[in-house]
Amino acid sequence: MVTDRLRRYGTEHTEAAPLAVFRVLFGLMMLASIIRFGAMGWIDQLYVQPQFFFPYFGFEWVRPLSGWTYMIFLLCGLSSLSVALGYKYRLSIILFFLSFTYIELMDKTTYLNHYYFISLVSFLMIFLPVHATFSLDAWLDPKKAFQFIPRWTIDAVKLMLGIVYFYAGLAKLNSDWLFHAMPLKIWLPYHYDFPLLGELFQQSWFLYVFSWAGAIYDLMIPFLMINRRTRVLGFMMIVGFHMITGALFPIGMFPYIMIASSLIFFDSSLHIKIINSFLSFFKLDPKVFFNDKYQLHEQSLFNQSKLKLILLFFALQLLIPFRYLLYPGELFWTEEGYPFSWRVMLMEKSGKATFKVVDGQSNKWLYVDNTVFLTSFQEKQMATQPDFILTYAHFLKEHYEGEGWAEVEVYVDSFVALNGRISKRYIDPSVDLTKEKESFGHKTWILPFEDEIKGL
C-alpha cells in the first residue's frame, strides 16, 4: 500500500512555476549577498588580512588564496546571476555550490547557519529541474522547456525548509531557553530603543513570552505553510518574525532569504502570475514557457542514482543534528556536535584564553599575545570553542618551532561564561595540547560543565 502510494507520488506532476520563481529569487539574493560582502570590505577583512585561519576538520586544504580570493567571490557572484537567469543552469549551480561552499570552508570563524543552509540548498538544486521554465535555457532551446515537472522536486525544497524550522524549534526545547529566557535576557534589554517593543524588552515576563513564542513559532511554521487554510497566517508570521530578528541581530540577508524561500509553499497560481507579469512587462511570448509539456522521469540508471542520492541527502539532514547524542557532557559547553544542527542563537558564550608556550629543552616559556596572530573576531570565537583552541595550539607549536624553539609544549588557561553563569575554567590547564589530535572523538581535556541544561 505504502509502496504503491510512493510510486504514484513519484509519477505526479505539477506546474514548474514555483520552482522557477524560487530559482530567480535565490540567485538574485545570493548575488546581492556577494555584492554586499564585497562592498562592506569583508573579503579583505575576513579572508585577506588575517595571517591565520581556522579550517574545518578534514578540509584543512581549503584556504583563502590571498588576492585570488576575490576571484572566488567573483565566480560565486557571476554564477548566482546565471542561476537567477537560468542560463547554462547546471554548470552555473554547480559553480555556485562549489565556490560558495569553498568560501564557507575557508575559515570556520565565520560559520553561520544560513551559510550552511545555502550550501545545502544549492547542492539540492543541482539535481532539480529548476530551469524547466522561465529560464534563458528554456527560452533559447524550447526542447528544454517544460510547464510541468515532477511534484517531488518542489516538495524537496519545502522539506528542506521544513527541516530548518522544525529542528530550530526542537533545539529551543531546553531549560535555558524556556525556563530562564536565556540568552534573550542578556541580548534584548540592550535594544531599549527598539520601536514599540523596546520598553517591553526591559520586562522579564516579556522575555519569557519571546522565548516561548520563538520555540512555538519554529515548530509550527512547517505545518502552517503546508496547510492551505493556514498558509497566509504562516507567511505573515514568517515575515513578522524575520523582520524583527533581522532588525535586532546582525544576521545579514538571512531574514530575506527565508521570507523569499517560503513563497514556494504557495499555490502555483501565484507564481504563474509573477511570471506572466514579468513577461507582459517585457512583451515576451508566454507560450514558450506555458507549453503544456511534461518532463517525464526516465527509469535510467542515472535517474535512479540521483533519487538515491537525494534520499541519502535528506536522511543525513534528519540525523546529523542529533549526532551530539554520541558525545558525553553538556552540548552547549563542549559544542561537540553543535554546528550544522540548526541551533540558531541559543547561547551567549564569552571567554578568555591565555596560552603558555614552553621550550621543552631549555624550559624557557612565554605567554602568547593572541592579537599578534588573530583578529579580534577570531580570538573571540577561539576562546569559547575547544576545536578552535586545539587548532590554535598546534599553530603556535609550528610557529615557535620555526623560531628555533625545541620540543614545544602549549598549555591554555581559559575561562568561559555560558548563558549568564559565572565564568569557569574551561580547559584542563595541565594538558599539553600539542599532544592532542583533532578528530571526531570526545575531547577529554574539556573540563566538566558542573551544571545541567535539560532538554534536547
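Residues numbered from 1 in each chain as written. Predicted model: local features only at pLDDT ≥ 70, side-chain atom pairs only at ≥ 80, totals over all residues. Heavy atoms only, no water.

Per an unreviewed UniProt entry, the protein chain goes by HTTM domain-containing protein and derives from Reichenbachiella ulvae. Turning to the protein chain, the UniProt record has this under Subcellular location (unreviewed entry): "Endomembrane system". (UniProt positions renumbered as here; feature names shortened; annotations may be inferred.)

## Examining the UniProt feature "domain: HTTM-like" (unreviewed entry) in the protein chain
Here, UniProt's "domain: HTTM-like" (unreviewed entry) annotation points to residues 11-270. Structurally, residues 11-270 comprises 64% helix and 2% strand, and the distance from its first C-alpha atom to its last is 24 Å. (Helix = DSSP H or I, 4+ residues; strand = E, 2+ residues; numbered from the N terminus.)

## So, the environment of D141
Its location among the elements puts D141 in the loop between helix 7 (136-140) and strand 2 (148-150). The class of D141 is partly exposed, set by a relative accessible area of 23%. Sequence-wise, D141 and A215 are 74 residues apart; in three dimensions their C-alpha atoms are separated by 47 Å. (Buried < 20%, exposed > 50% of the residue type's maximum accessible area, 1.4 Å probe, protein only.)

## Observations regarding the sheet that holds strand 6 (residues 424-425)
Ordered by their spatial adjacency, 4 strands build an open sheet running 4-3-5-6, and the pairing between neighbours is antiparallel. Either end of the sheet is taken by a strand with one partner, and the two such strands are strand 4 (365-367) and strand 6. With respect to the sheet, helix 18 (residues 386-402) is in contact with strand 3 (349-359), strand 4 and strand 5 (408-418), its orientation differing from that of strand 5 by roughly 150°. (Pairing = 2+ DSSP bridges. Contact = heavy atoms within 4.5 Å. Axes fitted to C-alpha atoms, helices over the stretch in contact; angles between N-to-C directions.)

## Concerning the side chain of K108
Looking at where K108 falls in the secondary structure, it is placed in the loop between helix 5 (89-106) and helix 6 (113-125). Given the relative accessible area of 8%, K108 is considered buried. If sequence neighbours within four positions are ignored, K108 has contacts with F54, P55, Y56, D387 and F388.

## Focus on the packing of aromatic side chains
Considering all chains together, one arrives at 48 aromatic pairs under this definition. A connected cluster of aromatic rings, assembled from ring pairs, spans F52, F54, F355, F373, F388, Y392 and F395. (Phe/Tyr/Trp six-rings, centres within 6.5 Å; stacked < 30°, edge-to-face > 60°.)

## Some thoughts on the pairing of strand 5
Counting buried positions along strand 5 gives 8 out of 11 residues, so the element sits mostly inside the fold. Bridge count for strand 3 against strand 5 is 11 bridges, and the pairing is antiparallel. Looking at the pairing, S350 lines up with A417 of strand 5. Pairing of strand 5 with strand 6 involves 2 bridges; the strand directions are antiparallel. What sits directly across from V416, in strand 6, is K424. The turn linking strand 5 back onto strand 6 is made up of 5 residues, and N419 within it adopts a positive phi angle of 50°.

## Quick word on the environment of K293
On the secondary structure map, K293 appears in the loop between helix 14 (268-281) and helix 15 (301-319). In this structure the C-alpha to C-alpha distance between K293 and F146, which are 147 residues apart in sequence, comes to 5.0 Å. Setting aside its immediate chain neighbours within four residues, K293 contacts P142, K143, A145, F146, Q147 and F148. A distance of 3.3 Å separates a polar atom in the side chain of K293 from the backbone oxygen of A145. (Polar contact = N/O pair within 3.5 Å; in protein donor to acceptor, adjacent residues only side chain to side chain.)

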